[in-house]
Each structure stands twice: as C-alpha cells, then as structure tokens.
Amino acid sequence: MSDAPARPAAAGSSAPPRSNAVVAVLAFAGIVVALMQTLVIPIVPELPKLLDASASDTAWAVTATLLAAAVATPVVGRLGDMYGKRRMLLVSVVLLIAGSVVCALSDSVIPMIAGRALQGLAAGVIPLGISIMRDILPAERLAGSTAMMSASLGVGGALGLPSAAFIADEWDWHLLFWTSAGLGAVAFVLVLLVVPESEVRAGGRFDLVGALGLSAGLVTLLLAVSKGGDWGWTSVTTLGLGLASVAILLAWGFYELRSSRPLVDLRTTARPQVLFTNLASVALGFSMFAMSLVLPQLLQLPEQTGYGLGRSMLTVGLVLAPQGLVMMAMSAVSAAITKAKGPRLTLMIGALIVASGYSLNTVLMSEVWHLVLVSCIIGGGIGFTYGAMPALIMGAVDPTQTGAANSLNTLMRSLGTSFASAIAGVILAQMTTDFGGYPLPSENGFKVVMALGAGAALVAFLIATFIPKHRAPQTAPSADGPAETTEVTAAKV
C-alpha cells in the first residue's frame, strides 16, 4: 500500500441522487465486457478457414484474450486506486472498443489476435465497477449492487453465446465485432454521463517493476497451463515455462514485500479473510468453468453416441441462457442473506448449491431439459458466491485498496477457470470412445469432469469455513455521504 494518505471525499458531498442509474450502467458495462468472452466461441471451429491460418495459430485468438486479461486486471485495479476508478474504467472500455474494431476489420490471424488482446485488456471493468460502488453508494445499497455487478460476468457470458451463434449463422462473422464495438460505445457514453468519479484515492507512485514482474509470472504460468495440452505436458517448453513462472513469482513476491509502494500489498492479501476468500475463488472459478466445458459438448455430440444430444450451437446458447438470468435473480437473494447473516454464510451456501448441481448432472444428462435444470442450479449457486466474494474482500481492506483487491480476486477466479480448462481437456482427451474411427470424449469422461466440478465447489465450502467469524471494519458510504468507516459484520457466521 502506498504511504501517501488517502484523499477523502469532498466536504459536504452527498451520495449520488441516481443510485439506481449508476448501478444499472455499471452492470451494463460489466455485461458488455463479459459478452466479449463468449463472442468467438461459435466461430472458433471456422477460424482457420475464415483467417486462412492453421488451427494452432487461430487458437491464439482465445489465448491472447486470456493472457491480456490476466495482466491487465491487477494493474488496472491498482491504477484505479491511484488515479481514479471511473477514469480507468473508461480507459478499459475504450480498449474494448478498439479491439472490437480491429477484429471487425480483420481478415488474417495477426490483426485478429491483436484485437482480441485489446479486448482482454478490458477485463478490469467488473472489479473497478464494484470498487466504485463501494465508494459512492449508500451503505444499504452496497450488498445488492455489488452482487449484481459481480453476477454480470455470468449474465453476459450466458446471454452472449446464443446471440453470437445467431449472428454468426445469419450474417457475416465480422458483425459480431461491430456489435461488440457498438455496445462498448454505448457503455462508454453511459458511464461518462451517469457514473461519478470516486474521490477515494491511494496516491503514491505506480510500481512499474512490480507490474512487469507479475505480468511475466502470470503470462508464463498461463501459457504453460493453457497450451500444455498442445505442446505436451512433459515437453521442455511446458515444463520450462512452469518453472520460470514459479521463479518469477517468488522473486516478485520478495520484491513486493520490500517495496514501500507495492503493486499488490501482500501483507493485506495474507489477512485470513482476504486469503481464504481468494483461495475459495480459485476453486469456484474451476467449478464454474467445468460446466462450460461439459454441457456444450454433451448438447452437440451426435445422438448415435448414446449420450450426445445432436443439437446446434444456437441451441447450446439457448440452453445456457437461463443460467445467466438465474444468476442475476440470485444476486438479490445473495445480498439479502449477506445483509442478514454475513457474506461468509452466503459463500458457503452458494458453494453447496454448485456442488449439488454437478452431482445432479451425473445422473441427469440425457435430455435437454436436464441440462437446462442443471445449468440453472449451478448458475444460482454461482450467483450466491460471486455476490459474496466482493463483500468479503471489501470488508477486510482499506478503501484505498479496493480496486487492487477486487481485481486480484477476479484474477484468482480466472486462474481457476484456466486450470479447469487444462485439467478437463486432459481428462476428455484420455477418456474417449471410438465413433466411426474418430475418438470422442466418453460419457464417463464427462462424469469425471462433473465430479471434479462438484469436488472443487466442496473445496471452496471447506475453505470458506476458515474465514474468520469476527466483526471486521468496512468502509462503506452512508446515506448522507461516502467514505465513512463503520463496524459491520463482514463474516458473521
């Protein structure tokens, strides 16, 4: 944390009179950024032909977004704490617009990868939005609003898939990215007009060495995890990148602990409430993404396999879309439980719901309505957990660190999804069945992945039990003005 004092809110300032509008605009911006993550899924199989490149090259259109998001999220969060969260949110949306335009104008692989990387740099919008809410909203609105903002990640992803599939089927694929650019422009204008800038600042100097070190460590780690299946898990490249990431991150941690103005305050992240919430986030990120890998394949595999349902990508999107709506609905329930009993209990309930959804999926997977039901149950649990995690984080950190702390929590979820993709990929590649001379993932392979999803959710539940049960100080705006420090129950139960 910087040794510069936090800049207080202006004297006599009052809470924004349009709280509902602020929440709606920030949630819309989060949904737009989440849409970007599922935008290319319907066209991934066609990218080699569309871009006249090999499948290994076009796969970087997905990998580049992952790497850019991992690098940008903690850096943008810290910059938001220092120079203004709304300002950095607007910068992130501009990067999304720029990346969308580059992709929309692309007919070859290099510009496409560059555009997707620019889109990935916008990943900090959701944690920045949550941090803005803490600074400017009345205290009684905070739990529900942050839960809704956090749920926008799932809502955008769920609604984006059927929309993208429909556009790709009916029109030229470039329209996907023109649509993304248009939505980004709308989000930019709305944020500019409706969302006020937070006056809570950390001050100090940006830790460039820390940012470069963390970026290098994350890139080498995620490259090893995301491309290990293609390169071989025991290949020199994969193992070398894995060992390099460990060495770089250890050196980065050593440097950050001795820096007077660190990018990430590791002493704060070591507080039990922050540490165990972030560990639970990794497990929940794994659990959430396992469903995204299993359900689309079950829906699309040929019926002749005996367990595939032979449906189109558009049907896949329509099956998964209700999940996003359930997540949004459950964010309100999550907020109510958080206000009454504390976010620790909300997190634990959500983890159990997710685990029950995966367990049900191991026996209900033969009909479309089975998968709709399962995705909605898992989505409801994720709505609980994603609403609770920001409340736990913000209940344990200084107001001048909320941007960086929320961004780090988002990064932990992303690491979980990356591990899920790698591990599930190995399982489904090894547990196969022969179909007309071609190996396809077997039914038992899918059940193993679902069991792992349930197990990861139970691990998150177990980790959550270690979150302290004490009353923690949390700075939340009052109804008459922002930035009052009060004692609230951050983890009541």
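Now for a quick tour of the structure. Worth saying up front: this structure is predicted, and the values here are computed from it rather than measured.

The next point concerns the packing of helix α5 (residues 85-104) against helix α6 (residues 109-120). Put simply, α5 and α6 touch, their axes get as near as 7 Å, and they point 160° apart. Here α6 runs roughly antiparallel to α5, going by the angle between their axes. Every pair of crossing elements has a handedness; the one defined by α5 and α6 is left-handed. Between α5 and α6, the contacting residues are Leu95, Leu96, Ala98, Gly99, Ser100, Val102 and Cys103 on the first element and Pro111, Met112, Gly115, Arg116, Leu118 and Gln119 on the second. Here the residues of the contact of α5 with α6 are counted per class, giving eight nonpolar, four polar and one charged.

Within this structure, the stated rule accounts for three aromatic pairs. With 6.2 Å between their ring centres and 90° between their planes, tryptophan 173 and phenylalanine 177 make a pair best called edge-to-face. Its relative accessible area of 7% is what places tryptophan 173 among the buried residues. With a centroid separation of 6.3 Å and 65° between ring planes, the pair formed by tyrosine 307 and phenylalanine 446 is classed as edge-to-face. Pair noted here: tyrosine 307 is in the loop between α13 (272-300) and α14 (313-341) and phenylalanine 446 is in helix α18 (residues 443-464), with a separation of 139 residues, a long-range link. With relative accessibility at 8%, the residue tyrosine 307 sits in the buried group. With relative accessibility at 0%, the residue phenylalanine 446 sits in the buried group. The cationic tip of arginine 258 hangs over the ring face of phenylalanine 254; the distance from NZ or CZ to the ring centre is 3.7 Å. If you follow arginine 413 out to its NZ or CZ, it ends over the ring of tyrosine 386, 4.2 Å from the centre.

Next up on the list: empty space enclosed by the protein. Per the stated rule, a full pass over the model turns up two cavities of 30 Å³ or more. Roughly 130 Å³ of volume is contained in the largest cavity. Together, 16 residues line the largest cavity, and Val264, Asp265, Gln401, Ala404 and Ala405 are the ones closest to its centre. Counting only elements with at least two residues in the lining of the largest cavity, the list comes to α4 (60-83), α12 (266-269), α13 and α17 (402-430). With three residues, the top contributor of residues to the lining of the largest cavity is α17. Tallied by class, residues from the lining of the largest cavity come to nine nonpolar, four polar and three charged. One number sums up the size of the second largest cavity: a volume of about 30 Å³. Lining the second largest cavity are Ala29, Val32, Val33, Val93, Leu96, Gly184 and Ala187. Broken down by secondary-structure element, the contributors of at least two residues to the lining of the second largest cavity are α1 (19-38), α5 and α9 (174-194). Per-element tally for the lining of the second largest cavity: the top contributor is α1, with three residues. Its residues assigned to classes, the lining of the second largest cavity shows six nonpolar, one polar and no charged.

About the criteria used
- Residues numbered from 1 in each chain as written.
- Predicted model: local features only at pLDDT ≥ 70, side-chain atom pairs only at ≥ 80, totals over all residues.
- Heavy atoms only, no water.
- Axes fitted to C-alpha atoms, helices over the stretch in contact; angles between N-to-C directions.
- Helix = DSSP H or I, 4+ residues; strand = E, 2+ residues; numbered from the N terminus.
- Parallel < 35°, antiparallel > 145°, perpendicular 65-115°, else oblique.
- Left-handed = near helix turned anticlockwise from the far one by under 90°.
- Contact = heavy atoms within 4.5 Å.
- Nonpolar A, V, L, I, M, F, W, Y, C, P; charged D, E, K, R; others polar.
- Phe/Tyr/Trp six-rings, centres within 6.5 Å; stacked < 30°, edge-to-face > 60°.
- Buried < 20%, exposed > 50% of the residue type's maximum accessible area, 1.4 Å probe, protein only.
- Lys NZ or Arg CZ within 6 Å of the ring centre and 35° of its normal.
- 1 Å grid on protein atoms, 1.4 Å probe; cavity = no way out; pocket = protein on both sides within 12 Å on 5 of 7 lines; lining within 4 Å.
- Points joined across faces, edges and corners; volume = space filled by probe spheres on them.

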